[in-house]
Amino acid sequence: LSGLVAEQVTGEVGAIGAPPPEALSMEQLRLATISEAPHLTRAAAFKLFAFSLYFSAALQVLRTSSRRRLTVQVLAGFGLMVACLAILQRLTSPRTLYWIRPVSDYVAPFGPFANYNHFAGFVELLFPLPLASLLFWEQRGDSRLLFRLSTLVLFVAGILSISRGGLLAMGG
């Protein structure tokens, strides 16, 4: 294989074959790579490896039904708290972050996000979890109340964020 690469780069083949890759200059080796930007390819491959590792760990942690339910309950509760905070902040002090820090006229904060579109993206990711749980899982007691309240508050917060993309993604 190195002989083929060397032949393509240098155009020369000796009596025994192409020169070893060590004999080629860095510029010739750079030209012989498949990628246009090898360092970016390595970075992307590392990211892909890291995501695969994360996905494998998530598969192991969320193996049982009870762990999946608990994870959905925690995410629904987290979304409910952040959405309540965002609605409360919007109604009481819309030009500050956490009621403390004033923001410029070019920033449109909503909840803990400095941009209302980012909050809408957050809601878009969390809103389907309690909704699907209500529709497809058998609920008991407090979890039914949590999922109903979370679905309602996340939907209202998504509307109040006035993000066009967020409204479109939520089916409105």
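Please refer to the structure placed before this passage.
Owing to the predicted nature of the structure, the values given are computational and were not obtained by experimental measurement.

Asker: Help me understand the overall build of the chain in this model?
Answerer: Of regular secondary structure, the chain possesses 8 helices and 2 strands. Counting from the amino terminus, the chain carries its helices and strands in the arrangement α-α-α-α-β-β-α-α-α-α. In the chain, of all internal contacts separated by at least 6 residues, the share reaching a separation of at least 24 is 49%. Roughly 12,100 Å² of accessible area belongs to the chain as shown, and the carbon and sulfur atoms make up 67% of that amount.

Asker: Looking at this structure, I do not really get a nonpolar patch on the surface. What am I missing?
Answerer: A cluster of nonpolar side chains, contributed by Leu 152, Phe 155, Val 156, Ile 159, Leu 160 and Leu 167, occupies part of the molecular surface with about 450 Å² of accessible area. For the nonpolar patch, the element with the most residues is helix α7 (residues 142-160), which contributes 5 residues. Its place among the elements puts Val 156 in helix α7.

Asker: Just to check I follow, could you spell out the packing of aromatic side chains for this structure?
Answerer: Describing an aromatic ring pair means giving the distance of the ring centres and the angle of the ring planes. The tally for this structure, following the rule as stated, stands at 6 aromatic pairs. Centre to centre, the rings of Phe 113 and Phe 122 are 5.5 Å apart; their planes meet at 45°, and the pair counts as tilted. Its relative accessible area of 17% is what places Phe 122 among the buried residues. A network of ring pairs unites the aromatic residues Phe 78, Phe 110, Phe 113, Phe 119 and Phe 122 as a single cluster. Over the ring of Trp 137 we find Arg 69; its NZ or CZ atom is 4.6 Å from the centre of that ring.

Asker: Is there a simple way to think about the nonpolar core in this case?
Answerer: Across soluble globular proteins, nonpolar side chains have a tendency to be buried as a group. Phe 119, Phe 122, Val 123 and Leu 154 are the most contacted members of the largest nonpolar core, which has 15 residues in total. The set of elements that each furnish at least two residues to this core consists of α4 (65-92), α5 (116-126) and α7. If one sorts the elements of this core by residue count, α4 sits on top with 5 residues.

Asker: Would you mind showing me how to read the packing of α4 against α5 here?
Answerer: Each pair of packed helices can be summarised by the angle the axes make with each other and by the distance between the axes. Relative orientation of the contacting elements α4 and α5 amounts to 150°, with a least axis distance of 10 Å. Between α4 and α5, the crossing angle belongs to the class labelled roughly antiparallel. Regarding α4 and α5, the two cross each other, and that crossing is left-handed. Between α4, through Leu 75, Phe 78, Gly 79, Val 82, Ala 83 and Ala 86, and α5, the contact on the second element is made entirely by Phe 119, Phe 122 and Leu 126. For the contact of α4 with α5, the per-class residue count stands at 8 nonpolar, 1 polar and no charged.

Calculation criteria
- Residues numbered from 1 in each chain as written.
- Predicted model: local features only at pLDDT ≥ 70, side-chain atom pairs only at ≥ 80, totals over all residues.
- Heavy atoms only, no water.
- Helix = DSSP H or I, 4+ residues; strand = E, 2+ residues; numbered from the N terminus.
- Contact = heavy atoms within 4.5 Å.
- Areas by Shrake-Rupley, 256 points an atom, 1.4 Å probe, with all protein chains shown as cover.
- Patch = residues over 30% accessible without salt bridge, like charges linked within 9 Å, V, L, I, M, F, W, Y side chains within 5 Å.
- Salt bridge = Lys/Arg side-chain N within 4 Å of Asp/Glu carboxyl O.
- Phe/Tyr/Trp six-rings, centres within 6.5 Å; stacked < 30°, edge-to-face > 60°.
- Buried < 20%, exposed > 50% of the residue type's maximum accessible area, 1.4 Å probe, protein only.
- Lys NZ or Arg CZ within 6 Å of the ring centre and 35° of its normal.
- Core = buried A, V, L, I, M, F, W, Y, C linked by side-chain atoms within 4.5 Å.
- Axes fitted to C-alpha atoms, helices over the stretch in contact; angles between N-to-C directions.
- Parallel < 35°, antiparallel > 145°, perpendicular 65-115°, else oblique.
- Left-handed = near helix turned anticlockwise from the far one by under 90°.
- Nonpolar A, V, L, I, M, F, W, Y, C, P; charged D, E, K, R; others polar.

Any functional reading would require information beyond the geometric quantities listed.
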